[in-house]
Structures are given as C-alpha cells and as structure tokens.
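Below are the chains, spelled out letter by letter.
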Amino acid sequence: MPVAAARALAHDLNVCSRNLQAEADALHSLAAWAYQFSSQVSLYPPFALLLEVRRSLTLFGGYTALLGRIRAGLRELGYQTRMAAAPTPLAAVGLACCESEQHVETPAALLGALAPLPLSVLDWEQSLLDRLHGVGVQRLGDLLCLPRDGLARRLGPDRVLYLDRLLGRQPDPQALYQPPPRFERSLQLPGEVAQAGALLFALQRLILELCGWLQGQGAGVQELEVRLWHREQAITRLSIGVQRNSRDAEQFLILLRERLQRLELQQPVIEVGLCAERLLPLDGQSLELFDAAREARQVDLLDRLRARLGSEAVRGLSAIAEHRPEYAWRYSEPGQGEQAVNGQQRPLWLLPVPRQLRTDHGWPCLQGRLKLQHSRERIESGWWDGQDIARDYFIAESASGSRYWIYRELDGERRWFLQGLFE
Amino acid sequence: MNLDTVLQRADVWRGGRLSATADAVASGFAELDTVLPGGGWPRGALTEILMPQHGIGALRLLVPALARLSRDERWICWVAPPYIPYAPALVGAGIDLSRVLLVHPGAQQDGLWAVEQSLRSGTCSAVLAWPTLDDRTALRRLQLAAEAGDALGFLFRPGRLAQRPSPAALRIQLQPEPGNGLSVAILKRRGGWACGPIHLEVPVYGYGSAVALHSHTATGAGSFHAQWQ
C-alpha cells in the first residue's frame, strides 16, 4: 500500500523508514544473546533465529521451562517474538510464521502439523506460489500429497529438496553462528535525551544482552565501557569496573545508575553503546557457595562506593617496615594490606604533611606551650635514597589536653614539626 | 498493637534496669562495659562520641573493640577521617589491616551516602565517621542503616552538639584527663538513664614504656581544631 493511501486511511499515521542494517544488527545481537540457551545457534535472515535445543532441554528443565526463560528474556530486551519447535529447521520456521506457536516433538507428527499451513510459509517467490494456487494447491498438505516425480518436473529439484528438508527426509545442516570475541552494541534513541538518568532504560537493554551473551560464553567481565553519542560533541565514554569478574546484570545496573547520577551531560545523547572485551572465565556453580556470596557482597560494596566516588576514593592501608614515619605506611588495594610490625609507640592519626610549629623562647607551641614527655626517640634514616631524615621525636601535650607526636630537626634550623595526634 | 509487642521492640526500654538482651561488643575497658547496655558497644546501632577536640584518645577508646572486630570477615570502614589513620599504630593495636577500608568522599553529601551504604551493606562490622553536619534526618537514616546491616556505627562529633537531640542509641561525651586519662560521661543509652563520668586509662599502643608526663595542669574544653570546620 502506498504511503499516501495509508495516510488517507489513518490521518495520524507515523511513517518510519525501515532500517535493514539495524534489523540485521539486532538479529546478530539476539543470536549472541541466545547463545546462553544453546551452543548451536543459526541465523535465518532476515527475520528468524534457529536454536538447536534438544541438548539444552535437560539443563533448563524441559521445553516449557526453556521456552518460558527465552520468552521472559526477550520481553526484557524489548522484542516481540513468535516461537515454535519442530524436528527440522524449516518446519520450525514455518510453524513460527503462523499464528499458532506449536511444539512438534516427533518427525512422525510433522506432516500432520504442517498440512493445514498456508503455502505462504514457504519462502518461495510469489509467482510460483500464485501458480500453485492456480492449480488448486492452497495448503501445504495439498502440496505434500502430490506425487514426487511430478513435483520435481514442475518445480525443479531444488524445491523438492526443500520439501524433503522440511519433512526431515534429507539432512539440513545449518551454518552455526559464531559469537564474536568481544561485545559491542549500540542503540539509537528514539529522540534526544538530555537527562543522564533517562539513559538507564536504553542501557538496561544492552546490559541484559551483554549478560546473556556472557552466560553463553561461560565468562564474565571486570570492565564495561558505556559510550554516549552526541550530535556534535565527541563521544562520552564511561567506564564501569567491578572487583570480581561478573555477569550479574543487576550489579552492573546498580553501578551504572550511580555513575549516571554523577554525570553532567553537556549535550543531549542520540545513541548509546556498550562495549566489553577481555572476557574472563566464570563458572556459574562457584558463585553459589556461601563464602563466595559473602565475598561477592563485600566486593559489591567496594564497587558501589567506587562507582559513585571514583576508585581512588576507596582504599586499604599497608604498614611498611621502614624507619622514616612518613614512609612506614601507604594506601593499598582494600583487603591486601601489608602488616609490618613496628615496636614503637605511634599515634593513630598522621598529618598528611608535617606542620611546622611556632616556638616561644625555643619551646614548641600549639595553643600555648606544649609539655614534652621525658623520653625521646631519635630517628635517623634514609641516607641511601636522598630522602634522609634526622629527627628527635617527642610525645607532647597541649594545655587543653590533646596529645601530639612532634619532632625537632637535628640539622639546620632545628625547627619543630607536628606529625601526628595520639587520638 | 498491644503492650507486649511494644515492650518487645528494640528501641523501647523501661526505666530502672539496663536491658540485658542488647547485643554488644565488649569495649575492652571493664569499667566502661559495666555501664554500657549489654556490656559493650551496641551492635546494629549508632554510637555518638562527643568530644571537645582531636587528640584526647577517642580512637584509643575504640581500638580494643576494633581489634576484635577485625578478626571478623567484615570491613572496618573509615569514612572521611580528619587525618590519615596511621597504619603502624593500627597494627600495634592489633587491628588486622586487611579488614580496614578507607573512604574519602569529595563532598559532604557523598560522605553521608557512603556511611549509609557501608552501614547498610551488611559487609562492615564497624563504620567510623566524622560528620560535620547537624542533620537529624540524616542521622536517623544512619541509625536505621546500622540496624539493617548489623553494624557498629561510630560518629565522632563536636562536644557542643551534646545538647542537640540525636537518634543515636548511645551517646557518650569525652573530656581529656591528665596522662592517658579520659573521662567518659554517658548522655544516652538504651535501657538506662544517663550516667555521670567514669574515669578510664586509655594507653598509647606499642611495646615502648608506659607514657609518663610532667606535672599536668589544665583540662577542660579547648577550642576546636580547624579540621572540625
């Protein structure tokens, strides 16, 4: 029907041009996603996917359960689909093309299931179908009961082979889909989006696709890259990291939400993308152990904090075997600190940089003169790396009752510094 | 709701007796434990530590409990500490550094968010924070988060806030005393009335000799450090 005629019938018609490339991309990405349900996935362009599911039935708990999971997943991804199952690929496609979603289990039942279908389920050219209609062949059953040699003469051997494959009389090997080694998908938004939070909806779809794909690969990732395309500005790239290799869509979505909340968009977004490479093997079973679950939750807290605050804002501590106080510690990855034991009395608080103290007739002052403890600790060290120090350390108390860790330089101006607090 | 269900609630107490059911972690100071409900720092609750200034021993008061908690598989989370927690001193006090988590949020609001997330996650045994806001709603959220995550939440706050109401389950006020002394007054506790100051010795950790000071004079509230803001 021409557009003008359609408009005449429906005045508020919204006409979109068909994007064949986008359809092909979507079919590919669905194939990658479907790989989690079967290792034998084939593309049947332009509109169908074939999954060999017999071997998956035990794993997923039977046909109904498997179908339910596939259907729920597709709904989450935002696709409308029709599914059917049959002993041969062509029969499954044919059944799925019709309104009824059948499950034909045995080759013996195939003929009966196919017979009532219209000829249009065969993807043969229209002129041929019209010719068949002309001779009174309306349904597949009519065609299939015609004598074989007559059909070969009228339609050619290719069509007969097609029908043989449909009925499983001839093998019908399919080219197996090979999932790509990396995940890279993008999605055009229906309009320009200026709110970072509103991007989550579109990205959720991509993350579900990614996690299905990872499931099929038996793998997880530690890093995702989210890409946001703008009309004029360069691509905005966001990196989402997790401590433990994961394919948990929920976890990625929580992190992404935190990340998007912090994002200030300079320009509206027209397209979103998701990219993941460097897959790491991930065994589904091990995640369910109790210890692993607890560890996963701990890591989850780190990931959440890091997603919002930045990874440098969340750290652990190490104690280093080193005489110079400022080098006797450093930040480390949480959970992996070194724990060198130092026998001396040390304050619980350290100043990032020692602060020089005012003096009064040679006495160090901090809110008045400080009282020094008798014993002192001399630290002279570091001549080998040029950062050498020579200091006398004291515990000092202020008039208001705070206790400080202070030192006096042994060389030069012999200045006093505050380096810590005995909190 | 009948009276029995009301009395079962954790946040309801009856005057005249310390509730014995409260879950607590021994503070390591026997005198203090006798006045704390359950015999220690309350689990799944906020403890507010009010102090006039830094450097009087507030952390030393917590260190024995933190050392014990660090044997647990959970984090001890420090959110926006005013100085660097000095690793050699923590090791000297027996704290397992592999359980220490430091969080340095940029903004004040991020700080409260981080405290709440950590408390609620169930993966932190203790969360230490130095909030500078006086926001009762935020504190209430933190108290609920501590309950949800079964964490010990410690908030260090300026002593001047002692008069302000607070949803914290336990509020104590510290004053410095000569030497390693610390006076601890209980302003609020579950299952008991406020109680006057008790005097504790909080040692400096390390294997060196005990600290001896010169004769000592002044105590009492000094001015805040600049870091309190």
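Reading the values: the criteria
- Residues numbered from 1 in each chain as written.
- Chains lettered and ligands numbered in written order.
- Predicted model: local features only at pLDDT ≥ 70, side-chain atom pairs only at ≥ 80, totals over all residues.
- Helix = DSSP H or I, 4+ residues; strand = E, 2+ residues; numbered from the N terminus.
- Buried ≥ 20, exposed ≤ 12 C-beta atoms within 10 Å, placed from the backbone.
- Contact = placed C-beta atoms within 7 Å.
- Pairing = 2+ DSSP bridges.
- Axes fitted to C-alpha atoms, helices over the stretch in contact; angles between N-to-C directions.
- Parallel < 35°, antiparallel > 145°, perpendicular 65-115°, else oblique.
- Left-handed = near helix turned anticlockwise from the far one by under 90°.
- Nonpolar A, V, L, I, M, F, W, Y, C, P; charged D, E, K, R; others polar.
- Core = buried A, V, L, I, M, F, W, Y, C linked by C-beta atoms within 7 Å.
- Domains from an automatic or database assignment.
- pLDDT = per-residue confidence, 0-100.

So, about the overall build of chain A. Each helix and strand counted, chain A has 13 helices and 17 strands in total. Within chain A, the proportion of its 423 residues that are buried is 28%. Nonlocal contacts in chain A, meaning residues at least 24 apart in sequence, comprise 53% of its contacts between residues at least 6 apart.

Looking now at the sheet that holds strand 9 (residues 170–176) of chain B. The strand order across the open sheet built from 10 strands is 9(A)-8(A)-6(B)-4(B)-7(B)-8(B)-3(B)-9(B)-10(B)-11(B), with neighbouring strands paired in mixed fashion. Single-partner strands in this sheet number two, and they are strand 9 (329–332) of chain A together with strand 11 (195–201) of chain B. For this sheet the average axis-to-axis angle between neighbouring strands, irrespective of direction, equals 25 degrees. Sheet topology places strand 8 (residues 314–319) of chain A next to strand 9 of chain A; 4 bridges connect them, and they run antiparallel. Its bridge partner being in strand 9 of chain A, Leu317 of chain A is matched across the sheet by Tyr331 of chain A. Its contacts with the sheet put helix 5 (residues 108–121) of chain B on strand 4 (75–79), strand 6 (100–103), strand 7 (124–129) and strand 8 (152–158) of chain B, and the angle it makes with strand 7 of chain B is roughly 160 degrees. Lying on the sheet, helix 6 (residues 136–149) of chain B is in contact with strand 3 (45–51), strand 7 and strand 8 of chain B; it crosses strand 3 of chain B at an angle near 130 degrees.

What follows deals with the packing of helix 11 (residues 199–217) of chain A against helix 12 (residues 249–262) of chain A. Residue and element names in this part refer to chain A. With their axes 10 Å apart at the nearest point, helix 11 and helix 12 run at an angle of 150 degrees to one another. Between helix 11 and helix 12, the interaxial angle falls into the category roughly antiparallel. The two elements helix 11 and helix 12 cross, and the hand of that crossing is right-handed. Seen from helix 11, the contacting residues are Leu199, Leu200, Leu203, Gln204, Ile207, Leu208 and Cys211; seen from helix 12, they are Ala249, Phe252, Leu253, Leu256, Arg257 and Leu260. Tallied by class, residues from the contact of helix 11 with helix 12 come to 11 nonpolar, 1 polar and 1 charged.

What follows covers the nonpolar core. Val79, Leu90, Val103, Ala126 and Val127 of chain B are the most contacted members of the largest nonpolar core, which has 94 residues in total. With 8 residues, helix 3 (residues 58–69) of chain B is the single largest residue contributor to this core. No fewer than three residues from each of domain 2 (183–312) and domain 3 (343–421) of chain A sit in this core. Here Val79 of chain B is in contact with Val103, Pro105, Gly111, Ala114, Val115, Ser118, Val127, Leu128 and Ala129 of chain B, once residues within four sequence places are set aside. Formed by 50 residues, the second largest nonpolar core is a distinct cluster that contains Ala32, Ala86, Ala96 and Leu203 of chain A.

Residues and elements named next belong to chain A. Close contact between helix 2 (residues 20–34) and helix 11 brings their axes to 6 Å; oriented N to C, the two are set at 50 degrees. By the angle class used here, helix 2 and helix 11 are oblique. Residue-level inspection shows Ser29, Ala32 and Trp33 of helix 2 in contact with helix 11, the latter providing Glu209, Gly212 and Trp213. A per-class count over the contact of helix 2 with helix 11 returns 3 nonpolar, 2 polar and 1 charged.

For the rest of this paragraph, the subject is the interface of chain B and chain A. Listed as interface residues are 49 residues of chain B and, on the opposing side, 51 residues of chain A. Sorting the residues of the side of chain B that touches chain A by element identifies helix 3, strand 5 (84–85), helix 4 (87–92), strand 6 and helix 5 of chain B as the ones contributing at least two each. No other element matches the 6 residues that helix 4 of chain B contributes to the side of chain B that touches chain A. A breakdown of the residues in the side of chain B that touches chain A according to their chemical character gives 27 nonpolar, 19 polar and 3 charged. Where strand 8 of chain A lies against strand 6 of chain B, 2 bridges are found, and the strand directions are antiparallel. When the sheet's bridge partners are listed, Val314 of chain A is paired in strand 6 of chain B with Val103 of chain B.

Looking now at the confidence of the model for chain B. All names here are of chain B. The predicted model of chain B averages 82 in pLDDT, with 79% of residues at 70 or higher. Below a pLDDT of 50 lies the segment residues 207–229, which in the model reaches 43 contacts outside its immediate sequence neighbourhood of four places, other chains included. Interface scoring of the predicted complex returns ipTM 0.83; its pTM is 0.62.

Tracing the backbone shows Phe201 of chain A in helix 11. Along the primary structure Phe201 of chain A and Leu253 of chain A are separated by 52 residues, whereas in three dimensions their C-alpha atoms are 9.9 Å apart.

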